[in-house]
Structure formats: C-alpha cells, structure tokens
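This is what each chain is made of:
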Amino acid sequence: MPFFDELLSHDAIALFTHERPDGDAIGSQIGLGLYLRKLGKRVVLLGDDWPANLKWIGRHGYRSYVGSPEQKEKVAGCGAVVVLDTGEIKRTGDAAEVVEAFEGPRFLIDHHPNPDEPAFHHAYHRESASSTGELVHELITAHDPELIDADIAKALYTAVMTDTGSFRFNSVTPAVHHIAADLLKRGDMNPEPIHNAIFNNRSLGAVNLLGRALEGIELFFDGRVAYITVTQRMRDETGTGTQDIRGFVNYALSIQGVQAAVLFVELDGFVKLSFRSEGDLAINGWAQALGGGGHRNAAGAYVQGRLKKIIQRVTIAGGEVF
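Only a predicted model underlies this, so the values are computations on that prediction, with no experimental measurement involved.

Draft legend 1. Quick look at the sheet that holds strand β10 (residues 270-277). Strand order across the open sheet formed by 6 strands is β7-β8-β9-β10-β12-β11, with mixed pairing between neighbours. Two strands lie at the open edges of the sheet, namely β7 (218-220) and β11 (293-294), each paired on one side alone. Relative to β10, strand β9 (residues 260-266) runs antiparallel, the two sharing 7 bridges. Bridge pairing in β10 links V262 to F275. Helix α13 (residues 307-318) contacts β8 (225-230), β9, β10 and β12 (298-304) of the sheet and is inclined by roughly 160 degrees relative to β9.

Draft legend 2. Structural context of the sheet that holds strand β5 (residues 106-110). Spatially, β3-β2-β1-β4-β5-β6 is the arrangement adopted by the 6 strands of the open sheet, whose pairing is parallel. Because the sheet does not close on itself, it has two edges, and the strands there are β3 (63-64) and β6 (122-125). Of the strand pairs in this sheet, strand β1 (residues 12-17) and strand β4 (residues 80-84) are connected by 5 bridges, and their pairing is parallel. Of the residues in β4, the one forming a bridge with L15 is V82. Strand contacts of helix α3 (residues 69-76): β1, β2 (42-47), β3 and β4, with the helix running at about 135 degrees to β2, the strand carrying the most contacts.

Draft legend 3. Just the layout of surface pockets, in detail. Of the voids in this model, the second largest pocket is the one considered here, and its volume is about 220 Å³. Lining the second largest pocket are R168, F169, N170, N250, L253, S254, R276, S277, E278, G279 and N297. Elements that contribute at least two residues to the lining of the second largest pocket include exactly α11 (248-253) and β10. Counted by class, the lining of the second largest pocket contains 2 nonpolar, 6 polar and 3 charged residues.

Draft legend 4. Region of the structure containing the packing of aromatic side chains. Per the counting criterion, the structure on display carries 9 aromatic pairs. Members of the aromatic cluster, connected to one another through ring pairs, are F3, F107 and Y124. Over the aromatic face of W50 sits the side chain of R59, whose NZ or CZ is 4.7 Å from the ring centroid.

Draft legend 5. Unusual backbone geometry, seen in detail. One non-glycine residue, R20, adopts positive backbone phi at about 50 degrees. Note that R20 resides in the loop between β1 and α2 (23-38). Even without being a glycine, N114 presents a positive backbone phi close to 55 degrees. By the secondary structure assignment, N114 is in the loop between β5 and β6.

Draft legend 6. Inspection of the nonpolar core at higher detail. By size, the foremost hydrophobic cluster in this structure holds 46 residues, and its most contacted members are L15, I30, L32, V82 and I109. Per-element accounting of this core gives the leading share, 7 residues, to helix α6 (residues 150-163). In this structure, L15 is in contact with Q29, L32, G33, L36, V43, V44, L45, L46, V82 and L84, ignoring residues within four places of it in sequence. Among the nonpolar cores identified, the runner-up in size contains 21 residues, and Y227, F275, I283 and V314 belong to it.

Draft legend 7. View of the packing of α6 against helix α7 (residues 174-186). Running from N to C, α6 and α7 cross one another at 155 degrees; their axes reach a closest spacing of 9 Å. One way to sum up the angle between α6 and α7 is to call them roughly antiparallel. Along this stretch, α6 crosses α7, giving a crossing that reads as left-handed. Residues A153, L156, Y157 and V160 of α6 pack against V176, I179, A180, L183 and L184 of α7.

Draft legend 8. The pairing of β5, seen in detail. Burial within β5 is extensive, with 5 of its 5 residues counted as buried. Judged by which residues are buried, β5 turns out to be covered on both faces: R106, L108 and D110 on one side and F107 and I109 on the other are all buried. Summarising the sheet, β4 and β5 pair through 4 bridges and their orientation is parallel. By the bridge assignment for β5, L84 is matched with I109. Here β5 pairs with β6 via 4 bridges, running parallel. Paired with I109 across the bridge in β6 is Y124.

Analysis parameters
The numbering scheme is per chain: residues are counted from 1 as the chain's sequence reads. With the structure being a predicted model, the display of local features is reserved for residues of pLDDT at least 70 and the display and counting of side-chain atom pairs for 80 or more, all residues being used for whole-chain, interface and lining totals. Excluded from the side-chain calculation are hydrogens and water; included are all heavy atoms of the structure. At least two bridges found by DSSP between two strands are what make those strands a pair. Put simply, DSSP H or I for four residues or longer makes a helix, DSSP E for two residues or longer makes a strand, and each gets a number counted from the N terminus. Contacts were defined at the residue level, with two residues in contact if any of their heavy atoms lie within 4.5 Å. Axis angles are defined between N-to-C directions and span 0 to 180 degrees, where every axis is a line fitted to C-alpha atoms and, for a helix, only to the segment in contact. A cavity here means a set of points on a 1 Å grid, drawn over the protein atoms and nothing else, where a 1.4 Å probe fits but cannot get out; a pocket is an open set with protein on both sides within 12 Å along at least five of seven lines, and a residue lines either one if it has an atom within 4 Å of a point. Grid points are joined across faces, edges and corners, and a volume is the space filled by probe spheres set on the points. Lys, Arg, Asp and Glu make up the charged group, whereas Ala, Val, Leu, Ile, Met, Phe, Trp, Tyr, Cys and Pro make up the nonpolar group; the residues left over, Gly among them, are polar. For Phe, Tyr and Trp, where Trp contributes only its six-membered ring, two rings pair if their centres lie within 6.5 Å, and the inter-plane angle classes them as stacked under 30 degrees, edge-to-face over 60, or tilted in between. Cation placement over rings: the criterion is NZ of Lys or CZ of Arg within 6 Å of the ring centroid and within 35° of the ring normal. We define the nonpolar core as a collection of buried residues of types Ala, Val, Leu, Ile, Met, Phe, Trp, Tyr and Cys that are connected through side-chain atoms lying within 4.5 Å of one another. Only protein chains enter the calculation, and the probe is 1.4 Å; a residue is then buried if its accessible area is under 20% of its type maximum, exposed if over 50%, and partly exposed in between. Comment on the angle field: the value is read as roughly parallel under 35 degrees, roughly antiparallel over 145, roughly perpendicular from 65 to 115, and oblique elsewhere. A clockwise turn of the near helix away from the far one marks a right-handed crossing, whereas an anticlockwise turn of less than a right angle marks a left-handed crossing.

As structure tokens, then:
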C-alpha cells in the first residue's frame, strides 16, 4: 500500500494516540510499534498513562509523555510521526505540542468521523472500519502477515475486541471475525485470559460504586434515554477512581425500551460525558453539540461547569435527537 510504503521509508518513527487511551488506542499503538520494530525501525512510543486493566499488554518501551527535553529530542530525531485512533492532534493531550511542532511528515491511522486531514501529510482513514486495530491489521497483512507474533496479535486483538464491544456492535462484519480468527491463530492465543484481564478484574470498591450509580439511574424522553451519574463524592466514599467506571454506561443502555444512554462523570471543574446508542440511532451529533464527538453509536465530550447545569444542557441538546 502506498501509505505504508511511504511510512516505511523512514527509519525512526514516533507513535502517539489520544489522551486517556482505551483498548483500541493502546492495542493499535503497541501492535504497529512492535511490527515496525520487526522491520528494523527505531520506534518511540509515547502518550498518556494506561488504565490498570490494560497494563497486562506489556509496556514494550512505552513511556508516559511528560514533555521532558529527552523525550522531545527523541521525537525530533524521528523521520515521521504517526497519530492513531484520533483525527485531531489536540486530542493527543499533553503530547500535542510535540506532535504539532514536528517538522517531518505526520501520518494518520484512524476510523473516527471528520478527521482533521489538513493537519496530516498522509492519512489511512475509513469511518466504516470497526476499529483502528482493524486498519493496522490491514496494513500489516498487506505487507507481511508472517511477522505477526504473539505480542502483536494480542495487542491488535485487544484493539478490535474492545472497540467492537466484544464483537456486538453494528460495526462488526464477517471481515472483522476473520481478523479476530487470524489474530487468534497467528498468536496461538486463548481469548479467555484477555477478556478476563480487561473485564473481570474490578475491585470491591468499584463494584460498590457501580451499585451506587445504578441506584440513581433516571429515564428521560418517555423512557428512551437513561442517564447514569458518578459524582466525586461517590468515588471518595468507595475509594475508587475514574479507571473504575469503565462499562458503566452499558448498564443504562441495557434497560428495556432504552435506545440511548448517557454517563455523567464529575471531575475537577468539568464533567466527562459518554454517549451510547443502539441500532440506527446516531448520537455523535448530540456529543458534537456539547463540544465532543465520536461514532454513530458511541461518542463523548468534556464540558466545563457544574454537574446539575450540565445535565440540563445535555437534556436540552438531546431534544434535537429525540
């Protein structure tokens, strides 16, 4: 592929993904990075801290970006930069400064809608892809799939599996199942330990937090939307953090008759919003109205202000959808 050929013309490559990385972001970054190293490339892996349930993938030289002179020098010494799983450089968080300042070519690999393509010199983008992991797998298999080993397979399987909701979202096609089968075969893997490590390792405090959150679920728009809220006080009283909230929004979406769900997470001075929907109901426009974005059935936003006021804003904006 011309995109990959151009990337491989560089001997040193820095890989970044979005802030607060998820399974697709981490799996794609690590999977591509390990593959490039097998081709003899020098690879720099930088970004945000990882959530606890994904650290088992292995760091493989990954470092949290702190903006040190050493890190900036390493990136500046690369021939190319790749941004994965986000179409906006600003979403790389603290690393955005070094990505924007990079004087060489910037490459994009992503499946989110409306990427900022002018910010990149080369883009491998397809919104219909189930995950960025799927796109990385395409690039690798078109080049030399025999180089996929257990670590690469594990990372890319995690990317595809997590971003498809364990293969249950509308983005799942026969091709996606073929990718999963290929990775399981090449990595000689059993998927159960991977699923357990990601989904079945909640602390007792996290389970108590989930119980508190479920007690406060509210229904709006004639029962078609469910809201679930996690406050700072709830986290303090259960001894939990934001990493313990993963998957909460899906419980709200599972209620009979609910077509969309919103999770409000109170943080320091702002609120994180997670939107989910089923079927053909698009909620990314809802998130965009609040300064966020995402996919048709999964989107998010960060909004400054107090929780009660933001709930009112979200409800008003939801009137355009419902």
